[in-house]
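Close look at the chain arrangement
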Amino acid sequence: MPPDVFGVLATPVRRKLLETLREGPRSASELAGLFELGRPAVSEHLAVLRTAGLVREEPRGRYRFYHLQAARLAEVGAWLHPFERYWNQRLDAPAGLLDEEEKP
């Protein structure tokens, strides 16, 4: 059974890796260069993302390229969707107050 997506996404390094992979596949070396971590630490994060089904690994010669697999992120979106109404109401409230103040 793959790990819990929410637990996997709780780590900022993993979120940054996913954000970077939105732009397209990257080698493990390229990804490691984005962080002040050693390559082994970044490789461990990539392994967690791969186990969770959020990235896939493609060997090309001596290099490994990682691709975003966004389908599992749909679980997160589905869970967050009911909260959108709450946040939209919270964001609209200050605008309503400003409108009230502008009335003569």
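Notes on the structure follow. In this text, all values refer to a predicted model and were calculated from it rather than measured experimentally. (Residues numbered from 1 in each chain as written. Predicted model: local features only at pLDDT ≥ 70, side-chain atom pairs only at ≥ 80, totals over all residues. Heavy atoms only, no water.)

**A short note on the nonpolar core**
With 19 residues, the main nonpolar core has Leu17, Leu46, Leu49, Leu54 and Tyr66 as its most contacted residues. Elements represented by at least two residues in this core include exactly helix H1 (5-9), helix H2 (12-21), helix H3 (28-32) and helix H4 (39-51). When residues in this core are grouped by element, the largest group, four residues, is from H2. Apart from residues lying up to four places away in sequence, Leu49 is in contact with Val8, Arg14, Leu17, Leu18, Leu54 and Val55. (Core = buried A, V, L, I, M, F, W, Y, C linked by side-chain atoms within 4.5 Å. Buried < 20%, exposed > 50% of the residue type's maximum accessible area, 1.4 Å probe, protein only. Helix = DSSP H or I, 4+ residues; strand = E, 2+ residues; numbered from the N terminus. Contact = heavy atoms within 4.5 Å.)

**A closer look at H2**
When H2 is considered as a whole, its buried residues turn out to be Val13, Arg14, Leu17, Leu18, Thr20 and Leu21. When H2 is viewed along its axis, its buried side chains cluster within an angular range of 160° and face the same direction. Here the buried face of H2 lies against H1, strand E1 (26-27), H3, H4, strand E2 (55-60) and strand E3 (63-68). (Arc of directions from axis to C-beta.)

**With respect to the sheet that holds E3**
The strand order E1-E3-E2 describes an open sheet built from three strands, whose pairing is antiparallel. Two strands bound the open sheet, and with one partner strand each, they are E1 and E2. Pairing of E2 with E3, which is carried by six bridges, proceeds in the antiparallel orientation. By the bridge assignment for E3, Pro59 is matched with Arg64. The strands touched by H2 within the sheet are E1, E2 and E3, with E3 carrying the most contacts at an inclination of about 85°. Sheet strands in contact with H4 are E2 and E3, and its direction is about 115° off that of E2. (Pairing = 2+ DSSP bridges. Axes fitted to C-alpha atoms, helices over the stretch in contact; angles between N-to-C directions.)

**Things to note about the environment of His67**
Assignment of secondary structure puts His67 in strand E3. Residue classification places His67 among the buried positions, given a relative accessible area of 11%. Here the alpha-carbon distance between His67 and Thr20, two residues 47 residues apart in the chain, equals 9.9 Å. Here His67 is in contact with Leu21, Pro25, Leu54, Val55, Arg56, Glu58 and Arg60, once residues within four sequence places are set aside.

**Side note on the packing of aromatic side chains**
This model, assessed by the stated rule, comprises two aromatic pairs. Seen in terms of ring centroids, Phe6 and Trp79 are 5.3 Å apart; in terms of plane orientation they differ by 70°. Their pairing is edge-to-face. Note that Phe6 is positioned in helix H1 and Trp79 in helix H5 (residues 73-102), a separation of 73 residues in sequence. Looking at Trp79, the relative accessible area reads 48%, which means it is partly exposed. With 5.0 Å between their ring centres and 45° between their planes, Trp79 and Phe83 make a pair best called tilted. Of this pair, Trp79 and Phe83 are both found in helix H5, four residues apart, which corresponds to roughly one turn of the helix. One aromatic cluster is present, formed by Phe6, Trp79 and Phe83 through successive ring pairs. (Phe/Tyr/Trp six-rings, centres within 6.5 Å; stacked < 30°, edge-to-face > 60°.)

Don't take any of this as a statement about function, it's just geometry.
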